[in-house]
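Each chain, written out:
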Amino acid sequence: PPVPGRPGPGSVGCLHIWVAWNFPGPTKPQQQDPLYGYFSAVAGQDGQISADELQRCLTQSGMSGSYQPFSLDACKLMIGMLDRDMSGTMGFNEFKDLVQALNGWKATFGSFDRDHSGAVEGPEMQQAIRSMGYNLSPQALNCIMKRYSINGKIPFDEFVSCCVRLRALTDQFQRRDTSRNGNAVFQYDDVSF
């Protein structure tokens, strides 16, 4: 006789539902994560986010706060930072890693944007970079200001772009500095993209 709540013989569809209900698949925990709603709203069938989808997702989620939305270039950099399979897209776990990094950068930016102008100036940028553990030369800081500033001020999305590049370069360097002596050997492909 059939067991209540379990499918009877020949009930393949019911069996699938019963098994799925009793043994949740790998997407069940993701669906319980509050970030999954933002991710899945733009990820589509492939379960991946491209740069333009990331831009839309971050805008809809309010991640940029009162600052201007992230530029497409900033979104491409963010994906590149976490794109371990070189697909040019981002899965949910990579997205969660990004949101964690973005929250940290947003807090750092907010603490140094003391006048709440939505941008940091040279001395504020220098302090922000040092607070994140980077000890850069005055020449490197000057290059950062020239590259990321607009009229001497760095807006939030450019600040994030700078943080992404600093993190990526540091990660690349640390992977190659196996003896931890501050020296590394790079191939052309390592720095050309």
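In the block above lies the structure referred to throughout.
A brief structural summary.

Rules used throughout
- Residues numbered from 1 in each chain as written.
- Predicted model: local features only at pLDDT ≥ 70, side-chain atom pairs only at ≥ 80, totals over all residues.
- Heavy atoms only, no water.
- Salt bridge = Lys/Arg side-chain N within 4 Å of Asp/Glu carboxyl O.
- Helix = DSSP H or I, 4+ residues; strand = E, 2+ residues; numbered from the N terminus.
- Buried < 20%, exposed > 50% of the residue type's maximum accessible area, 1.4 Å probe, protein only.
- Arc of directions from axis to C-beta.
- Contact = heavy atoms within 4.5 Å.
- Phe/Tyr/Trp six-rings, centres within 6.5 Å; stacked < 30°, edge-to-face > 60°.
- Lys NZ or Arg CZ within 6 Å of the ring centre and 35° of its normal.
- Lys, Arg positive; Asp, Glu negative; His and termini not counted.
- Core = buried A, V, L, I, M, F, W, Y, C linked by side-chain atoms within 4.5 Å.

## Some details on the pattern of salt bridges
Next, step 1: The tally for this structure, following the rule as stated, stands at 5 salt bridges.
Next, step 2: Lys 96 is paired through a salt bridge with Asp 33; the nearest N and O atoms lie 3.5 Å apart. Of this pair, Lys 96 sits in helix H6 (residues 92-112) while Asp 33 sits in the loop between helix H2 (27-32) and helix H3 (34-43), placing them 63 residues apart in sequence.
Next, step 3: Put simply, Arg 84 and Asp 97 hold a salt bridge, and the shortest N to O gap is 3.6 Å. One end of the pair, Arg 84, is in the loop between helix H5 (72-82) and H6; the other, Asp 97, is in helix H6, and 13 residues separate them in sequence.
Next, step 4: For Arg 84, a relative accessible area of 58% puts it in the exposed group.

## Focus on helix H4 (residues 51-61)
Next, step 1: Every buried residue of H4 is accounted for by Ala 51, Glu 53, Leu 54, Cys 57 and Leu 58. The buried side chains of H4 occupy one side of the element, clustering within an arc of 155° when seen end-on.
Next, step 2: The secondary structure elements touched by the buried residues of H4 are H3, H5 and H6.

## Quick word on the packing of aromatic side chains
Next, step 1: If you walk through the whole model with that rule in mind, you get 7 aromatic pairs.
Next, step 2: Both rings, one in Phe 70 and one in Phe 156, keep their centres 5.6 Å apart while their planes meet at 50°; by these two values the pair is tilted. Residue Phe 70 is found in the loop between H4 and H5, and its partner Phe 156 is found in helix H9 (residues 156-176); the two are separated by 86 residues along the sequence.
Next, step 3: The class for Phe 70 is buried, based on a relative accessible area of 2%.
Next, step 4: Note on Phe 156: relative accessible area 2%, which makes it buried.
Next, step 5: Members of the aromatic cluster, each reached through a chain of ring pairs, are Tyr 36, Phe 39, Phe 92 and Phe 95.
Next, step 6: Here the guanidinium or amino end of Arg 147 rests over the ring plane of Tyr 148, the centre of that ring lying 4.7 Å away.

## Some thoughts on the environment of Lys 146
Next, step 1: You can see Lys 146 is positioned in helix H8 (residues 138-148).
Next, step 2: Along the sequence, Lys 146 and Gly 122 sit 24 residues apart, while their C-alpha atoms lie 9.9 Å from each other.

## With respect to the side chain of Asp 113
Next, step 1: The residue Asp 113 is located in the loop between H6 and strand E1 (119-121) in this model.
Next, step 2: In this structure Asp 113 is buried but unpaired, with Lys 153 as the nearest side chain of opposite charge at 7.9 Å.
Next, step 3: Excluding its chain neighbours within four sequence positions, the residues that come into contact with Asp 113 are Tyr 67, Gly 118, Ala 119, Val 120 and Glu 124.

## Examining the nonpolar core
For soluble globular proteins, the rule of thumb is that nonpolar side chains tend to be buried together.
Next, step 1: Formed by 45 residues in total, the largest nonpolar core has its most connected members in Met 78, Phe 95 and Phe 159.
Next, step 2: At the level of secondary structure, the elements contributing two or more residues to this core comprise H3, H4, H5, H6, helix H7 (122-131), H8 and H9.
Next, step 3: Top element by residues in this core is H6. It accounts for 9 residues.
Next, step 4: Setting aside anything within four residues of it in sequence, one finds Phe 95 in contact with Leu 35, Phe 39, Ile 49, Leu 54, Cys 57, Leu 58 and Met 90.

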